[in-house]
Amino acid sequence: MFRSLAAALALTSGLAAAAAPAHAGSDEAFFQSVAGRWVGPGEIVAGKYKGTKFVCDFNGAQSARSVGMSLDGSCRVGLFSQPMRAEVVREGGSYKGAFLDGAAGKGLDIISGNVSDDRMVVGLDRKQLKGAMLARLADADTMAITISVRVEETLVPIIGMNLKRRDARRTASVD
């Protein structure tokens, strides 16, 4: 079941959209805004494990080598925990990266991407499995992630997560 959860979480990485040219300033601002610790629940909403609930705890960091970020942490189902890692960096006018150890191992490749304002969309690939992940900041301390897979010509959501910021970098406004 953890392999299925890991593969499903890997697919959360985006809508396989054609990437628009990356804009360093706005992209860097987005990655800076998602740096920090994020915790929250998720659920598999389609497929064999539909209804499975889990809780994730991630640490996000800006990439030191390029415009991009890494996410390290784990997701827990009951008593069992699965390490999770994703990295995405700008390469030319798009984004590339991997979830877990990439498609060559047990994970997924990030093959495209686009960052705009409060959201990032990346395309996912693993052999015949194609998908996308959308990460959207609802506000400075709330992030929603949806992972979808391509079934024929339609993207079908399979995983949803709602994460809250849980670190000293809280950015809520003071009245």
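Only a predicted model underlies this, so the values are computations on that prediction, with no experimental measurement involved.

Draft legend 1. Layout of the overall build of the chain. A tally of regular secondary structure across the chain gives two helices and 10 strands. Order of helices (α) and strands (β) in the chain, N terminus to C terminus: α-α-β-β-β-β-β-β-β-β-β-β. Within the span of the chain, comprising 175 residues, buried residues form 42% of the whole. In the chain, the share of contacts with a sequence separation of at least 24, taken over all contacts with a separation of at least 6, comes to 47%.

Draft legend 2. Representation of the sheet that holds strand E2 (residues 53-62) within the structure. Taken together, 10 strands build a closed barrel; the order of strands is E1-E2-E3-E4-E5-E6-E7-E8-E9-E10 and the barrel is antiparallel. Each strand of the sheet is rotated relative to its neighbour by a mean of 25 degrees, with strand direction disregarded. In terms of strand pairing, strand E3 (residues 68-77) meets strand E4 (residues 80-91) through 10 bridges, oriented antiparallel. Among the inter-strand pairings, Cys75 is bridged to a residue of E4, identified as Gln82.

Draft legend 3. How the structure looks around the packing of aromatic side chains. Per the counting criterion, the structure on display carries two aromatic pairs. Measuring from centroid to centroid gives 5.7 Å for Phe30 and Phe31, while their planes differ by 75 degrees, and the two rings are edge-to-face. Between the aromatic rings of Phe31 and Tyr95, the centroid separation amounts to 5.7 Å while the plane-to-plane angle is 65 degrees, which identifies the pairing as edge-to-face. Here Tyr95 lies in strand E5 (residues 94-99) and Phe31 lies in helix H2 (residues 24-33), a separation of 64 residues in the sequence. For Tyr95, a relative accessible area of 1% puts it in the buried group.

Draft legend 4. Representation of the state of the cysteines within the structure. Counted by the stated rule, this structure contains one disulfide. Put simply, Cys56 and Cys75 are joined by a disulfide, and their sulfur atoms are 2.0 Å apart. Measuring handedness by torsion sign, the sulfur bridge of Cys56 and Cys75 sits at about 105 degrees and is right-handed. Of this pair, Cys56 sits in strand E2 while Cys75 is found in strand E3, placing the two residues 19 residues apart along the sequence. In this pair, the class of Cys56 matches that of Cys75, namely buried.

Draft legend 5. Seen up close, the confidence of the model for the chain. When pLDDT is averaged along the chain, the result is 82; 81% of the residues meet or exceed 70. Ranking the helices and strands of the chain by mean pLDDT puts strand E1 (residues 36-44) first, with 95, and helix H1 (residues 2-11) last, with 44. Scored below 50 in pLDDT, residues 170-175 makes six contacts in the model with residues more than four places away or belonging to other chains.

Draft legend 6. How the structure looks around the environment of Asp72. Inspection of the secondary structure assignment puts Asp72 in strand E3. Spatially, the C-alpha atom of Asp72 lies 8.6 Å from that of Glu87, the residues being 15 residues apart in sequence. When sequence neighbours within four positions are dropped, the list of residues in contact with Asp72 reads Asp57, Phe58, Asn59, Met84 and Arg85. In this structure the side chain of Asp72 is engaged in a polar contact, spanning 2.8 Å, whose partner is the side chain of Arg85.

Thresholds, definitions, all that
- Residues numbered from 1 in each chain as written.
- Predicted model: local features only at pLDDT ≥ 70, side-chain atom pairs only at ≥ 80, totals over all residues.
- Heavy atoms only, no water.
- Helix = DSSP H or I, 4+ residues; strand = E, 2+ residues; numbered from the N terminus.
- Buried < 20%, exposed > 50% of the residue type's maximum accessible area, 1.4 Å probe, protein only.
- Contact = heavy atoms within 4.5 Å.
- Pairing = 2+ DSSP bridges.
- Axes fitted to C-alpha atoms, helices over the stretch in contact; angles between N-to-C directions.
- Phe/Tyr/Trp six-rings, centres within 6.5 Å; stacked < 30°, edge-to-face > 60°.
- Disulfide = S-S within 2.5 Å.
- pLDDT = per-residue confidence, 0-100.
- Polar contact = N/O pair within 3.5 Å; in protein donor to acceptor, adjacent residues only side chain to side chain.

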